Amino acid sequence: MKKVMLSLIGAAIVFSASATSSFASSVKLESEVDKVVGTPYQWGGTTVAGFDCSGFILYIFDKFNLDLPRTSKTQAQVGTPVDRENLRAGDLVFFNTDGTGISHAGIYIGNNEFAHSSSSKGVTISKLSDSYYKNRYVTARRVVSQQSYLKMISEI
């Protein structure tokens, strides 16, 4: 009986810990993104005066002391590939929007959503399931270590 009770208590602790981490998912990352939503698109832009898609990624990742290459094409060559169904907050998602290969990128923030700097809307949040992005999706890359990931999603 003691073993059963200890097993139940252990399972409850594990379950509550995983529920907490799910709840806290990308809180800090989303907070940084929210600060710049609405910033206008600017080709080559890397500041709050205006961002292009890869400049937006660099700006956000700099908040977590993470370095990446400058362009979306070169960003798509770092880290490790991630299947769409295994995305987690902080993964980069890449799209072919002009027919020449990877030409657009964003940061996955969870719940089938990614943040990016759109040439028509500036910094915005879109769904991967939106037909425009779904039809142009190329790949995703995990460029954040487990330690950096935990910093990105912590509430502290």
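All of these numbers come straight from a predicted model, not from anything done at the bench. Residue positions within a chain follow its written sequence, with the count starting from 1. Local features are withheld for residues below a pLDDT of 70 in this predicted model, meaning they are given only at 70 or higher, and side-chain atom pairs are given and counted only at 80 or more; totals for whole chains, interfaces and linings count all residues. The basis for the side-chain values is all heavy atoms of the structure; hydrogens and waters are excluded.

Let us now look at the overall build of the protein chain. Runs of E in the DSSP output that reach at least two residues are strands. Runs of H or I that reach at least four are helices, and both are numbered from the N terminus. From N to C terminus, the protein chain includes 6 helices and 8 strands. Residue exposure (1.4 Å probe, protein chains only): buried if accessible area is under 20% of the type maximum, exposed if over 50%, otherwise partly exposed. Each of the 156 residues in the protein chain was classed as buried or not, and the buried ones make up 39%. For the protein chain, contacts bridging at least 24 residues in sequence account for 54% of all contacts bridging at least 6. Areas reported here follow the Shrake-Rupley algorithm with a probe of radius 1.4 Å; residue values treat only the protein chains shown as occluding. Taken as a whole, the protein chain presents about 8800 Å² of accessible surface, with 55% of it coming from carbon and sulfur. By the convention used here, residues are in contact when the closest approach between their heavy atoms is within 4.5 Å.

For Phe, Tyr and Trp, where Trp contributes only its six-membered ring, two rings pair if their centres lie within 6.5 Å, and the inter-plane angle classes them as stacked under 30 degrees, edge-to-face over 60, or tilted in between. Going through the model one piece at a time under the given rule, you end up with 7 aromatic pairs. When the centroid spacing of 5.0 Å and the interplanar angle of 55 degrees are considered together, the rings of phenylalanine 51 and tyrosine 59 count as tilted. Relative to tyrosine 133, the ring of phenylalanine 95 lies with its centre 5.3 Å away and its plane at 70 degrees, an arrangement referred to as edge-to-face. Pair noted here: phenylalanine 95 is in strand S4 (residues 92-95) and tyrosine 133 is in helix H5 (residues 131-134), with a separation of 38 residues, a long-range link. Given a relative accessible area of 0%, phenylalanine 95 falls into the buried group. When its relative accessible area of 11% is taken as the criterion, tyrosine 133 is described as buried. A network of ring pairs unites the aromatic residues Phe95, Phe114, Tyr132, Tyr133 and Tyr137 as a single cluster. The side chain of arginine 84 reaches across the aromatic face of tyrosine 137, ending 3.8 Å from its centre. Residue placement shows arginine 88 over the ring face of tyrosine 149; its charged tip is 3.9 Å from the ring centre. Over a ring means this: the NZ of a Lys or the CZ of an Arg is within 6 Å of the ring centre and within 35 degrees of the ring normal.

An α-helix turns once every 3.6 residues. As a result, residues three or four positions apart point the same way. Within helix H6 (residues 146-153), the full set of buried residues consists of Ser148, Tyr149, Met152 and Ile153. Within H6, the buried residues cover an arc of 130 degrees as seen down the axis, which keeps them to one side. The inward-facing, buried residues of H6 contact helix H2 (27-36) and helix H3 (53-62). Throughout, the arc means the angular range of directions from the helix axis out to the C-beta atoms.

Another aspect to go through is the confidence of the model for the protein chain. Per-residue confidence for the protein chain gives a mean pLDDT of 86; residues scoring 70 or more make up 82%. Low confidence marks residues 1-25, where pLDDT is under 50. Its contacts with residues over four positions away, or in another chain, come to 5 contacts. Within a predicted model, pLDDT stands for the predictor's per-residue confidence, ranging from 0 to 100.

With 7 of its 10 residues buried, H3 lies for the most part within the structure. Taken together, the buried positions of H3 are occupied by Cys53, Ser54, Gly55, Phe56, Ile57, Ile60 and Phe61.

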